[in-house]
Amino acid sequence: MSLFGALREQLNDAAETFAGSPGALSEILTGMVDDVDRALGERLEIFPVCHHSPASALAMARRLREKQPQVIYLELCEDLRPLLDELRTCKLPVALQAFATDLDGFPESWGPLSVVAPITEASAEYQAIAYALDTPGVELVLVDRSSDHVFQWHPREEPGRPAEEAGLHGDAVGVEIGDLRPRFAELEEHLLHHGKVRHWSEWWDQYVEQPLSGADYDTYRQVMVLIGSLFRRLRPHDSAKLDRDEDRERYMWTRMREHLAATGADPERCLYVCGAFHAVSRVEEFGLDATRTDFDISPRTATNWLYGLIPSSHSAIEAQFGLAPGSVSIAAATYAKAVTRGGVKPYALKGQPSSKRPAKAKPAAPLVPADQLTGFLSRPPERDPLDEAELLGWCVDIVRLARRNGYLSSTADAIAVYETSILLAGIRGRARPTPYDFQDAAVTCIEKDTVPGRRDVRRLCEILLGGDRIGEVGYQSLPPLAQDVFERLEPLGFDMKKRAVHRVLLDLNATPELRPCSQLLWVLRRLMPDDHAVRPIMGSKQLGERSIQESWDVALGHHQRALIELGYEGVTVEQVLEQRLRRSVWEPKATAADALQAVEEAILFLGGRRVADELGARAVDLLAAERSVDDAPDVLRRIRRLLAHYRASEPALPEWCERFVTTGYAQYCTLLPTAFVAEDVGVRQVAAMLGFLSSMESLALSLGCDRAQLELAVRQSHPETPGKIALLWAAQFQLGVLAIADLRERCAELLDNPLVVPSFPQYLSGFVQALEAAPALTPFVVEVISGAFAKLPDRVLLPWLPTLIETLRKEAPELVPILIREAGRTFPATLAAVDAWVAPWERAPGDGPGVRTAPAAVTGGPVAELLAAHPAPSDAVAALLGCEGGWAPLGSGDAAPGAAPEVAALLARHPSAADALAGVLCAAGKG
């Protein structure tokens with residue numbers, strides 16, 4: 001008869017009594033006993049655990065001191081083994097991480113791939129790791145599937161990402177070591193309802209953690225295997241996750257048999273640590289005596305995996321694995337309390353702040369199988385006595401913490417919380433209030449209608465019972481890039497490794513030796529995704545600017561994970577930035593604007609010409625291949641800025657800049673007629689194209705382009721929308737095809753047509769955006785807007801104004817200040833001058849100031865004779881500037897006295913300039 005024969009008969013009789021027949025219920029109950037019997041009868045001792053369970057950690061510490069195993073097989077990704085030695089320098093909790101950005105064998109949409117396995121002090125796996133690493137002659141073997149197989153076995157849709165609250169773990173896929181939770185929703189709901197608890201973490205703490213925290217090893221092991229069997233048998237059998245779980249179990253047993261065959265280790269001196277769910281596996285490969293099957297482990301893909309440690313936290317673990325908020329902190333407090341009370345001496349890695357050298361253990365007594373499960377299930381649970389001192393301490397501390405956070409709490413509230421905690425525990429059938437009972441009582445007695453601060457009472461209870469402990473990765477375990485960053489920031493005088501926000505003030509004129517630190521901070525600002533890690537308060541980094549003083553908020557210690565993941569990409573931040581810039585311009589969706597932005601960043605953050613020239617050459621290729629002008633405004637803005645930078649800092653333009661200008665000139669001339677009529681191309685894009693062609697024209701012509709290209713493109717353009725029609729008129733004016741008088745006439749016709757007046761703001765928007773290409777039109781645009789305001793009646797103007805304002809704000813916000821400055825020069829500056837003021841475009845020739853008139857006679861001389869002999873250039877300039885009038889007859893000899901009284905009066909009032917000029921000329925003549 002088996003060890004649990006009596007228990008099997010009792011459960012079978014109970015099934016017949018309550019179900020009426022030994023059907024499905026009897027099969028489940030007796031099958032659970034069979035699972036326990038099978039797991040405990042295996043030659044390789046199986047240690048079942050639950051994820052971050054204090055009871056599992058305590059039982060593991062006891063068993064390790066008794067058994068002293070020589071080989072420990074641990075359910076953890078086998079390729080994470082080298083990281084375990086780095087845990088000595090870390091402050092737990094931390095997470096082991098495998099990271100991949102260059103994917104080979106996986107869909108590109110999955111990248112970057114990240115796998116994390118968090119480790120806390122209150123966990124059985126940490127006890128096993130600490131024992132194995134600090135005990136000579138003990139081998140620790142990780143037997144779970146590799147990080148590569150985690151994604152190989154994942155369904156071929158994009159992996160689900162956790163909630164944003166995952167925090168330090170980001171969007172990583174978590175490896176659940178010892179996950180133990182019902183995967184049958186109805187079962188979990190039933191347990192929560194009859195257990196009078198709110199969530200699964202509270203049920204587990206009340207009905208599993210507390211009874212097993214002081215139980216002997218046999219009882220712990222049998223109960224955990226029984227729970228694992230229950231959850232396994234009451235789960236949906238058609239789920240894909242079950243198939244992956246069984247593949248993991250085949251993988252682990254295959255790896256363990258391979259290791260035993262290769263090393264010849266004695267199974268009696270080995271220990272297999274896995275989740276209780278996997279301890280009752282029913283796959284064919286289960287056990288050392290299983291027959292060989294056709295299960296083969298597939299090879300890993302060519303994906304390049306990188307490994308490191310990242311900081312973790314209790315809240316990150318809770319969010320990633322679906323635990324209740326505060327449950328991991330409560331578990332840690334329960335574990336610390338059990339250790340303090342004595343009865344077990346846990347293991348800790350040497351070198352960690354809290355580590356102590358474990359006492360020498362006595363040789364283990366042989367494990368004699370005994371049926372502890374029958375007694376555990378048949379006797380009522382022991383009722384823990386009320387720990388009044390602990391509960392009183394909680395009540396006093398929560399009132400003090402609440403007052404500190406703005407609540408009007410008092411000693412009466414502490415008494416109320418104490419009594420309510422005991423009352424709630426009695427209602428729920430508990431002799432001793434749990435942390436969850438205390439939390440509910442505190443919320444009931446202290447929290448009123450509103451929360452005065454950032455934290456509510458429930459959050460204050462979590463802080464009181466342990467808080468959100470955040471781990472740190474030791475300096476020696478950081479990747480070379482992170483160590484290099486901290487070393488280069490040492491001149492600032494702060495310990496950047498600390499979890500604090502450092503306010504850094506830099507006076508770069510007084511301390512120029514700190515400029516490399518400033519440069520590094522700007523590079524980190526560009527690379528790190530979180531704005532709070534490196535945040536500039538004062539100062540900027542742009543082409544043509546150089547900060548004199550800067551102020552920063554630096555919190556690199558608080559954002560270790562982001563800095564560590566940078567270390568997966570390179571050895572220095574400059575190398576990472578260079579790789580990212582190259583990658584960005586060679587992506588399939590990269591545009592010329594993206595490449596120009598990369599050139600700017602290469603100049604700002606990397607210096608030198610090599611990388612910038614390489615990226616610029618790529619920008620030329622992208623521009624030549626583009627068939628869309630969506631990014632034309634961005635291209636124009638960036639190439640103007642780059643040309644200004646190179647003209648100010650270099651003796652000559654780079655070769656790629658010249659090619660970019662000529663390529664852009666030809667490209668935009670070709671696309672201009674189509675863009676004018678295309679419905680999906682906006683006015684802003686066409687204006688940017690014309691701005692490029694106009695502002696780059698002189699350089700393009702000097703490099704061999706033909707102006708006839710632009711003239712033909714403008715002649716072939718036939719727009720139909722108001723804004724683009726205005727742009728075409730501006731382009732014709734810029735080319736000299738359309739005079740300013742013709743423009744005035746066309747605008748006057750538009751205002752006279754009542755059918756066109758509602759759409760006139762779009763014409764104005766086109767004219768305003770045309771200032772990119774024809775800045776000489778600025779006075780004319782002011783004139784047109786002023787004329788519209790003067791001519792339109794109020795019944796038309798008032799509904800028309802909001803449309804005008806909204807159109808200009810949406811389509812040309814950066815050009816409106818140009819119009820305002822021009823209007824400031826045009827209109828009178830004082831209120832008294834308004835009545836006598838006449839608009840320049842309404843003055844007759846010779847009326848009022850500001851009107852250019854030809855003098856009665858022009859004095860002779862070489863300049864006057866040259867202009868008289870060749871009047872065409874002067875006529876063209878006058879027409880361009882809108883000046884009217886004719887040529888005066890050329891006088892002979894000196895000018896008659898008083899021919900230019902204004903000049904004579906000016907020289908009489910300010911003679912110093914003429915005297916200085918005469919002195920210079922006399923000195924030059926004598927020389």
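Residues numbered from 1 in each chain as written. Predicted model: local features only at pLDDT ≥ 70, side-chain atom pairs only at ≥ 80, totals over all residues. Heavy atoms only, no water.

(A) A look at the overall build of the protein. A tally of regular secondary structure across the protein gives 38 helices and 11 strands. In the form shown here, the protein has an accessible surface area of approximately 44700 Å², with 55% of it arising from carbon and sulfur atoms. (Helix = DSSP H or I, 4+ residues; strand = E, 2+ residues; numbered from the N terminus. Areas by Shrake-Rupley, 256 points an atom, 1.4 Å probe, with all protein chains shown as cover.)

(B) Spatial organisation of the sheet that holds strand 11 (residues 549-554). A sheet is described by the order of its strands in space; here three strands give the open sequence 9-11-10, paired in antiparallel fashion. A single partner strand is all that each edge strand has here, and the edge strands are strand 9 (502-507) and strand 10 (534-538). Mean inter-strand twist for the sheet, computed between neighbouring axes without regard to direction, equals 25°. When strand 10 meets strand 11, the two strands line up antiparallel, connected through four bridges. Across the sheet, residue V534 finds its bridge partner in strand 11, namely V554. (Pairing = 2+ DSSP bridges. Axes fitted to C-alpha atoms, helices over the stretch in contact; angles between N-to-C directions.)

(C) Here's a closer look at unusual backbone geometry. Across the junction of L92 and P93, the peptide omega takes the value 5°, indicating a cis bond. Within the secondary structure, P93 sits in the loop between strand 2 (71-77) and strand 3 (94-100). Its identity as a non-glycine residue notwithstanding, Q68 has a phi of 50°, on the positive side. Overall, the relative accessible area of 25% leaves Q68 in the partly exposed class. (Buried < 20%, exposed > 50% of the residue type's maximum accessible area, 1.4 Å probe, protein only.)

(D) Spatial organisation of the pattern of salt bridges. Throughout the structure, instances matching the rule amount to 45 salt bridges. Here E78 makes a salt bridge to R300, at a shortest N to O gap of 3.4 Å. Highlighted residues: E78 in the loop between strand 2 and strand 3 and R300 in the loop between helix 10 (276-279) and strand 8 (306-311), separated in sequence by 222 residues. By relative accessible area, which is 17% here, E78 ends up buried. Residues R659 and E655 are paired through a salt bridge, measuring 2.8 Å at the closest nitrogen-oxygen approach. Linking R659 with E655, this pair stays in helix 25 (residues 655-677), spanning four residues, or about one helical turn. Judged by relative accessible area, which is 30%, R659 ranks as partly exposed. What emerges from the salt-bridge pattern is a single network uniting E600, D634, R637, R638 and R641. (Salt bridge = Lys/Arg side-chain N within 4 Å of Asp/Glu carboxyl O.)

(E) Spotlight on the packing of aromatic side chains. For the structure on display, the rule yields 19 aromatic pairs. Consider the rings of W153 and Y251, whose centres lie 6.0 Å apart with planes at 75°: the pair is edge-to-face. In this pair, W153 sits in the loop between helix 5 (147-152) and strand 6 (173-174) while Y251 sits in helix 9 (residues 240-263), placing the two residues 98 residues apart along the sequence. As far as burial versus exposure is concerned, W153 and Y251 are alike and both buried. For the pair W394 and F438, a centre-to-centre distance of 5.3 Å together with 40° between the ring planes defines the contact as tilted. Of the two residues, W394 is situated in helix 14 (residues 388-404) and F438 in helix 16 (residues 435-446); the sequence distance between them amounts to 44 residues. Residues W394 and F438 agree in their burial class; the two are buried. Each member of the aromatic cluster is reached from another via a ring pair, and the members are W729, F760, Y763, F767 and F780. One cation-aromatic arrangement involves K497 over F486; the distance from NZ or CZ to the ring centre is 5.8 Å. R618 extends its terminal NZ or CZ atom over the ring of W586, reaching a point 4.0 Å from the ring centre. (Phe/Tyr/Trp six-rings, centres within 6.5 Å; stacked < 30°, edge-to-face > 60°. Lys NZ or Arg CZ within 6 Å of the ring centre and 35° of its normal.)

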